[in-house]
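Structural overview for review
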Amino acid sequence: MLPATSKLCAAISYRHLRNMTGLRRQAAVAISQELSRLTCCGTGPSTWINQVRRRSSLLSSRLEEKPFSEMEMSYIKQGEEALQKSLSILEDQDGWKTETVVGNGDKVLSKVLPDVGKVFRLEVVVDQPLDAVYGELVDNMEQMGDWNPNVKEVKILQRIGKDTVITHEKAAATPGNIVGPRDFVSVRCAKRRGSTCVLAGMATKYGAMPEQDGFVRAENGPTCMILRPLAGCPAQTKLTWLLSIDLKGWLPKTIINQVLSQTQVDFANHLRERLARTVAVSC
């Protein structure tokens, strides 16, 4: 063994590793393993020093990555909870009743859950591939107010990792102001599992976005959208939207049910129009 190598290997001892935590321990172990490998291969000092320097630089950049804070982890867990709870609701096929059926095949179903209340389920087929639908609903979510009249604004307040965001959404008043303006603060997560995409969310608290003048702070959740290619026709997308909202305020249940089921039907139509315009522009 080369003398210089022996000194470096000895410097990274078990005693030192025991006092390290997280990425620093991983970095030290990786450097130690790299030194041992290079020594066994008999490479010259200039070669392995340069290689270790490059590896150390990469590991150092990883050490500088900011870990998630306790608050960020709580948001990530809320997003996962919304996803799992939404999927469990949709997987249970019993008890769903038809609310609305449209001539093009779109339909809204509903059921009442003891711990959630009344939830609504939209099932539609969109004549666009999954990536186009996913891009509009996730990558371009802040543009939703441009094409959905029921939404005044969607703003991303914070991004956490690659899957989770905190959003503030302002909903427009319904025609005739039957339901006045509402706003929502939600945690959302997006997961792609093979050819299926799940977009889930639920209401959350965010100190930097207190209740707004002129809006009633309503609450989402759990809610989700599932996107998957239509069986036998990958150019089309099957979209299932589970909607669960507490609109707050004093509103008759009959009005709430009518408004929410119609909101889902309208959403499907506005989404189709948006995608059709986007495809036409890109051609």
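Residues numbered from 1 in each chain as written. Predicted model: local features only at pLDDT ≥ 70, side-chain atom pairs only at ≥ 80, totals over all residues. Heavy atoms only, no water.

For the chain, the name recorded in an unreviewed UniProt entry is Steroidogenic acute regulatory protein, mitochondrial, with Chordeiles acutipennis as its organism. In the Subcellular location (unreviewed entry) part of its UniProt record, the chain is described as follows: "Mitochondrion". Check the Subunit (unreviewed entry) section of the UniProt entry for the chain; it says "May interact with TSPO." (UniProt positions renumbered as here; feature names shortened; annotations may be inferred.)

A few words on the overall build of the chain. Looking only at helices and strands, one finds 8 helices and 12 strands in the chain. Within the chain, buried positions represent 41% of all 283 residues. In the chain, the share of contacts with a sequence separation of at least 24, taken over all contacts with a separation of at least 6, comes to 58%. Carbon and sulfur atoms make up 54% of the accessible area of the chain, which totals about 15,900 Å². (Helix = DSSP H or I, 4+ residues; strand = E, 2+ residues; numbered from the N terminus. Buried < 20%, exposed > 50% of the residue type's maximum accessible area, 1.4 Å probe, protein only. Contact = heavy atoms within 4.5 Å. Areas by Shrake-Rupley, 256 points an atom, 1.4 Å probe, with all protein chains shown as cover.)

For strand β1 (residues 97-101), the buried fraction is low: 0 of the 5 residues fall into the buried class. Both β1 and strand β2 (residues 107-113) contribute to a ladder of 4 bridges, which runs antiparallel. If you follow Thr-100 over to β2, its bridge partner there is Val-108. Where β1 folds back onto β2 in an antiparallel hairpin, the turn is made up of 5 residues, including Gly-105, whose phi is positive at roughly 105 degrees. (Pairing = 2+ DSSP bridges.)

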